[in-house]
Amino acid sequence: MRLLVVEDETRMATALRRGLTAEGFAVDVASDGLSGWESARHGDYDAMILDVMLPGLSGYEVVRRLRAEGRWLPVLMLSAKDGEHDQADGLDCGADDYLTKPFSYVVLLARLRALLRRGSPARPTTLTAGGLRLDPASRRVTRDGVDVELTTREFALLEYLMRRAGEVVSKTQLLDHVWNAGDDTAPNLVEVYIGYLRRKVGAEAVETVRGAGYRLVADQR
């Protein structure tokens, strides 16, 4: 297994290389974001360990660029930032896992092995269906390149449908995944919000499948 470590702290980079090499990995090291991005683009790596705070390009930007180019190697992000929003930012921009410094080397190895077991299937961070485009990280939706303003609930409803584009989704599934379990909701609430959504993204985008639920049309014209 060949790994790329992108870390600007020399002692940390040296320790990671030494430890991972002892575990049988082939390890390359980059010391800044730009060279890390270039190495990941052109090298044949099984996974990358990526620091957040890097000169040149941040770890967040490195991942965003790789994902935008359709490169899906597993990424374990390292950071001294341990806030929940920092971790959410790392995962939302395309990283597969996030580990805060200082960390246990045993835990790092376990998480790395878990990523390698899962492999790197294509996992686009932006959802598309016909002219619709939804970015969960920036919470932006466009239709044919034009921004669509959605409420929080409408956005959650559209995201759930887009993640299952072409599939029939029942009202019960939508209530379970878009509304909180403790909310006082009724099935007709789904119909109301489907109506809101159709007015904003196009009536043709969401089909009603009589007696079964709704389906987001994957190849809208």
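Residues numbered from 1 in each chain as written. Predicted model: local features only at pLDDT ≥ 70, side-chain atom pairs only at ≥ 80, totals over all residues. Heavy atoms only, no water.

**Re the confidence of the model for the protein chain**
It should be kept in mind that the predicted coordinates are not to be read in detail where pLDDT is low.
Right, on to step 1. Within the protein chain, residue pLDDT values average 86, and 90% of them lie at 70 or more.
Right, on to step 2. Confidence, read as mean pLDDT per element, is least for helix H4 (residues 84-92) in the protein chain (74) and greatest for strand E3 (residues 47-51) (95). (pLDDT = per-residue confidence, 0-100. Helix = DSSP H or I, 4+ residues; strand = E, 2+ residues; numbered from the N terminus.)

**A short note on the sheet that holds strand E5 (residues 97-100)**
The pairing of strands in a sheet happens through backbone hydrogen bonds and is either parallel or antiparallel.
Right, on to step 1. On the basis of which strands lie adjacent, the open sheet formed by five strands has the order E2-E1-E3-E4-E5 and parallel pairing. Two strands lie at the open edges of the sheet, namely strand E2 (26-30) and E5, each paired on one side alone. Within this sheet the neighbouring strands show an average axis-to-axis angle of 20°, counted without direction.
Right, on to step 2. The strands touched by helix H3 (residues 59-68) are E3, strand E4 (75-79) and E5; relative to E3, the strand with the most contacts, the crossing angle is about 145°.
Right, on to step 3. Sheet strands in contact with helix H5 (residues 105-118) are strand E1 (2-6), E3, E4 and E5, and its direction is about 175° off that of E5. (Pairing = 2+ DSSP bridges. Axes fitted to C-alpha atoms, helices over the stretch in contact; angles between N-to-C directions. Contact = heavy atoms within 4.5 Å.)

**What about the pattern of salt bridges?**
Right, on to step 1. Counted according to the given criterion, the structure contains 18 salt bridges.
Right, on to step 2. Here arginine 2 ties to aspartate 28 by a salt bridge, and the two come within 2.7 Å at their closest N and O atoms. Taken together, the residues span a long stretch of sequence, with arginine 2 in strand E1 and aspartate 28 in strand E2 at a distance of 26 residues.
Right, on to step 3. On the basis of relative accessibility, which here comes to 31%, the residue arginine 2 falls in the partly exposed class.
Right, on to step 4. Across the pair arginine 41 and glutamate 69 runs a salt bridge, and its minimum N-O distance is 3.1 Å. Of this pair, arginine 41 sits in helix H2 (residues 33-42) while glutamate 69 sits in the loop between H3 and E4, placing them 28 residues apart in sequence.
Right, on to step 5. Residue arginine 41 is classed as partly exposed on the basis of its relative accessible area of 24%.
Right, on to step 6. Judged by relative accessible area, which is 33%, glutamate 69 ranks as partly exposed.
Right, on to step 7. Bridged by salt links that share partners, the residues Glu7, Glu9, Asp51 and Lys101 form one connected network. (Salt bridge = Lys/Arg side-chain N within 4 Å of Asp/Glu carboxyl O. Buried < 20%, exposed > 50% of the residue type's maximum accessible area, 1.4 Å probe, protein only.)

**Quick word on the packing of aromatic side chains**
Right, on to step 1. In the structure shown here, the tally under the stated rule is one aromatic pair.
Right, on to step 2. A ring pair is formed by tyrosine 193 and tyrosine 196, whose centres lie 5.1 Å apart and whose planes are at 75°; its orientation type is edge-to-face. Here tyrosine 193 and its partner tyrosine 196 are both found in helix H8 (residues 187-201), three residues apart, which amounts to about one turn of the helix.
Right, on to step 3. For the cation-ring pair, arginine 65 lies above tryptophan 37, with the distance from its terminal atom to the ring centre recorded as 4.7 Å.
Right, on to step 4. In this structure, arginine 164 packs its charged tip against the face of tyrosine 160, placed 3.7 Å from the ring centre. (Phe/Tyr/Trp six-rings, centres within 6.5 Å; stacked < 30°, edge-to-face > 60°. Lys NZ or Arg CZ within 6 Å of the ring centre and 35° of its normal.)

**A short note on the pairing of strand E8 (residues 140-143)**
Right, on to step 1. Relative to E8, strand E7 (residues 132-135) runs antiparallel, the two being bridged by four bridges. Bridge assignment links aspartate 135 to a residue of E8, and that residue is arginine 140.
Right, on to step 2. With two bridges joining them, E8 and strand E9 (residues 146-147) adopt antiparallel strand pairing. If you follow threonine 142 over to E9, its bridge partner there is aspartate 147.
Right, on to step 3. Connecting E8 to the antiparallel partner E9 that follows it, the hairpin turn spans two residues, and aspartate 144 within it adopts a positive phi of roughly 55°.

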